[in-house]
Amino acid sequence: MESAQVEEGAVVFTVSSTMRTAACPRCGTVSARTHGGYRRRLTDLPLSGRPVRIDVGVRRFRCDDPGCGAVTFAEQIPGLTAPFARRTAGLTDRLAAIGLALAGRAGSRMAAKLGMPACRDTLIRLVRALPEPPAAAATVIGVDDFALRKGAVYGTVIIDMQTRRPIDIFPGRDADTLAAWLAERPGIAVICRDRAGSYADGVRRGAPDAIEVADRWHLWANLGAAVDKTVSAHAACLPEPPLEDNHVADEQHSQIGPPPQPDPPIEYPLARRHRQRHVAIHELLAAGRSRAEAARELGISERTVYRFAGTPLEQYLGRANNRASRLDRFMDHLHQRFADGLCNATALHREIQLLGWRGSLRTVERYVAQLRERTDPPPTAPTPPKPRIVAGWIMSDPDHLSAGATVQLKNILARCPELEATRHHVGSFANMIQNLDGARLPTWIEAVRADDLPALHRFTTSLIRDQDAVTAGLTLPWSNGPTEGTVNRLKMIKRSMYGRANLDLLRRRLLII
């Protein structure tokens, strides 16, 4: 070292090389013949928060090998210099680590705070220049997809289930791509996946001898969707029966004549649209129009026409009228105040605002207008739970339900044998998952098919199509949970890069970190 001083807030060290010889980078010949010298300025790691610059004197040597194309070459100081570099190896490693952790903009701000200023493009270039780690030989892997641009561009991530480290990322999520990847790695014995059909086909074609394991979380989610449809189909069982004694009511009705017909239930706007569309579609089909012609005339898709033509209207109205609404928890108050004679929507809106309502006045006005059209007073009894709430109760552990929910669910199951059977089947499936008792799956499927539960029948059909993987998922300890966690981390990395999340950059940040 020749000197050390502070210039414009930076610490500057002036040093010179003491090497007597150097090896030619092309042919490796060691030379001691100097040709000249020059000085290089390198940025180094900061010292107490201050930038550090090293002014180093290096020499050029002549190559003694006449057959070498390099006549002269510059010496490189190990651990300090590299060809054409303006940073030391230590600073380059630190900046690359910051780029891996924080990407461009956030990494640039952090580097400046640490006394290592670098622009975001520099950090990303350093990350892209990092070598990929060698691929590990895994025998148990997990496969899942992720979105580079949701709805348009997708990729596949594969992890080692034993170390829970990502192995590879590649574009596409089709069967051909996965099959080609698996064919190059014949040592894979177990593959954990979700229930996507493309991955199932890819595994069977690329690794026919591997054991497929269907993810238990997806199995439970699929069962939950079937339970939701089952509860919606039996929504009429959810309200509590009236407390009026039937004999007294019959005696009163016989004295005053036939009982008045009750008003139809209040319909949500979506239910009215479903009713109008259902009627229009069936009128066109009855007139001899094809489904394609009906779709063009009504301005809807042919798939919508097919769905409405083959589904009873009551099923659509039940789904629409039983959808959760933000107004549901305020309806008891609205009904009570309406029965007391307060019919002004603005006043009712102000009252429920004090109770926590954050919706618009127009929503309250539409509901009050429907109340005015009714001849019978609106019910003041507690609003029945929504089908989705009841489905959640059925899918929950009974020990985790509140006392009120337990009582309500018990009453609903007592009124509906189909929902009682559904609750029994859900409990049996949960025991299979908890105890990893996949051998009971065929017996469970037979028990479900013995009951009149169409939605659960469709669920069992999907299980039979993928029965080997489902049985393995309910028997083996492996699951696709670590892969789902890797996908979540990949999403976080992608969103932190402000639109610069190309696949090569995502790949390095995920595989190296």
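Below is a summary of the structure that appears in this document.

## Some points on the packing of aromatic side chains
- In this structure the tally under the stated criterion is 6 aromatic pairs.
- On the basis of an interplanar angle of 70° and a centroid distance of 6.0 Å, the ring pair of F429 and F459 is categorised as edge-to-face. Note that F429 is positioned in helix α17 (residues 417-435) and F459 in helix α19 (residues 454-465), a separation of 30 residues in sequence.
- Residue class for F459 comes out buried when judged on its relative accessible area of 4%.
- Following the ring pairs from residue to residue traces out a cluster consisting of F429, W444 and F459.
- Lying over the aromatic face of Y154, R173 brings its terminal NZ or CZ to 3.6 Å of the ring centre.

## Here we look at α17
- If you check α17, its first and last C-alpha atoms are 27 Å apart, about what 19 residues at 1.5 Å a residue would give, namely 27 Å.
- Three or more residues of α17 are buried, namely L419, A421, T422, R423, H425, V426, S428, F429, A430, M432 and I433.
- Buried residues along α17 sit in contact with α6 (216-233), α15 (387-395), α16 (403-415), α18 (441-449) and α19.
- Just downstream of α17, L436 is the residue with a positive phi angle, here 50°.

## Quick word on the environment of P171
- Turning to its location among the elements, P171 is positioned in strand β10 (residues 165-171).
- Linking P171 and T156, residues 15 residues apart in sequence, is a C-alpha distance of 6.2 Å.
- With near-sequence residues (within four places) excluded, P171 lies in contact with Y154, G155, T177 and L503.

## A look at the environment of Q5
- Within the secondary structure, Q5 is located in strand β1 (residues 3-7).
- Given a relative accessible area of 40%, Q5 falls into the partly exposed group.

## Brief notes about the pattern of salt bridges
- Tallying each qualifying case throughout the model produces 22 salt bridges.
- Here D466 makes a salt bridge to R193, at a shortest N to O gap of 2.9 Å. Of this pair, D466 sits in the loop between α19 and α20 (467-473) while R193 sits in strand β11 (residues 190-193), and the two are 273 residues apart along the sequence. Here the two residues D466 and R193 agree in accessibility, since each one is buried.
- Across the pair D228 and R388 runs a salt bridge, and its minimum N-O distance is 3.4 Å. In this pair, D228 is assigned in helix α6 and R388 in helix α15, connecting sequence segments 160 residues apart.
- For D228, a relative accessible area of 17% gives the class buried.

Cut-offs and rules
Residues numbered from 1 in each chain as written. Predicted model: local features only at pLDDT ≥ 70, side-chain atom pairs only at ≥ 80, totals over all residues. Heavy atoms only, no water. Phe/Tyr/Trp six-rings, centres within 6.5 Å; stacked < 30°, edge-to-face > 60°. Helix = DSSP H or I, 4+ residues; strand = E, 2+ residues; numbered from the N terminus. Buried < 20%, exposed > 50% of the residue type's maximum accessible area, 1.4 Å probe, protein only. Lys NZ or Arg CZ within 6 Å of the ring centre and 35° of its normal. Expected span 1.5 Å × (residues − 1). Contact = heavy atoms within 4.5 Å. Salt bridge = Lys/Arg side-chain N within 4 Å of Asp/Glu carboxyl O.

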